[in-house]
Amino acid sequence: MGKGSNVQKAQQARERNQKKMGKSDEERKAASNKAKQDAAAYMCKICRQTFMVNAKSTLLYLHVTAKHDDKKDNPVECFDSLAGFDPADPEGKKAAAAAKSAGPVKKKSAKKGGGDDMLSLLDAGLSGGKKGKKK
């Protein structure tokens, strides 16, 4: 038995050759543009130093304190992403613990049978589901 038609063999050969050739010019340009954008994801407004897209807030704040010591009280002047950054809690654990200790927010209970809002309609429809047949 044969191992496929000539069309299949030619297609497989084209795919192998395409892998060997690598990226096309358009793919190279797109990859290059993406790399440039990622490299300049964070840019200091004062000294124009760039930071990679994966730079954490602690690194950006370290730049502010090391290079622009007079701006450490207001680091947003260097990086917009440092809005709300707390140097005493760089990982955000204290803020998360405070939010967790506040407890869940209780929803207001909707009155049954009244109102034309969607929630009351859904509640009414769900409560009257299928009932089993009695024998």
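Because the structure is a prediction, the values reported are computed rather than measured.

### A short note on the side chain of H68
Point 1. With respect to the helices and strands, the residue H68 is situated in the loop between α3 (57–67) and α4 (93–101).
Point 2. For H68, a relative accessible area of 10% puts it in the buried group.
Point 3. Apart from the residues within four sequence positions on either side, H68 is in contact with C44, I46, C47, H63 and C78.

### Some thoughts on the confidence of the model for the protein
Point 1. On average, residues of the protein carry a pLDDT of 77, and 77% of them reach 70 or more.
Point 2. The lowest-confidence element of the protein is α4, averaging 71 in pLDDT; the highest-confidence one is α3, averaging 88.

### What to know about the side chain of H63
Point 1. Within the element layout of this structure, H63 appears in helix α3.
Point 2. Separated by 3.4 Å, the side chains of H63 and Q49 make a polar contact.

### A few points about a nonpolar patch on the surface
Point 1. Residues M118, L121 and L122 make up a contiguous nonpolar surface patch of about 330 Å² in total accessible area.
Point 2. For L122, the position within the fold is in helix α5 (residues 118–127).

### Observations regarding the pattern of salt bridges
Note on pairing: side chains with opposite charge can pair once their charged atoms come close.
Point 1. For the structure shown, the criterion picks out two salt bridges.
Point 2. Here K71 and E77 are joined by a salt bridge, their closest N and O atoms 3.0 Å apart.
Point 3. A residue is classified by how much of its surface remains accessible, and E77, at 37% relative accessible area, is partly exposed.

So, how was this worked out
- Residues numbered from 1 in each chain as written.
- Predicted model: local features only at pLDDT ≥ 70, side-chain atom pairs only at ≥ 80, totals over all residues.
- Heavy atoms only, no water.
- Helix = DSSP H or I, 4+ residues; strand = E, 2+ residues; numbered from the N terminus.
- Buried < 20%, exposed > 50% of the residue type's maximum accessible area, 1.4 Å probe, protein only.
- Contact = heavy atoms within 4.5 Å.
- pLDDT = per-residue confidence, 0-100.
- Polar contact = N/O pair within 3.5 Å; in protein donor to acceptor, adjacent residues only side chain to side chain.
- Patch = residues over 30% accessible without salt bridge, like charges linked within 9 Å, V, L, I, M, F, W, Y side chains within 5 Å.
- Areas by Shrake-Rupley, 256 points an atom, 1.4 Å probe, with all protein chains shown as cover.
- Salt bridge = Lys/Arg side-chain N within 4 Å of Asp/Glu carboxyl O.

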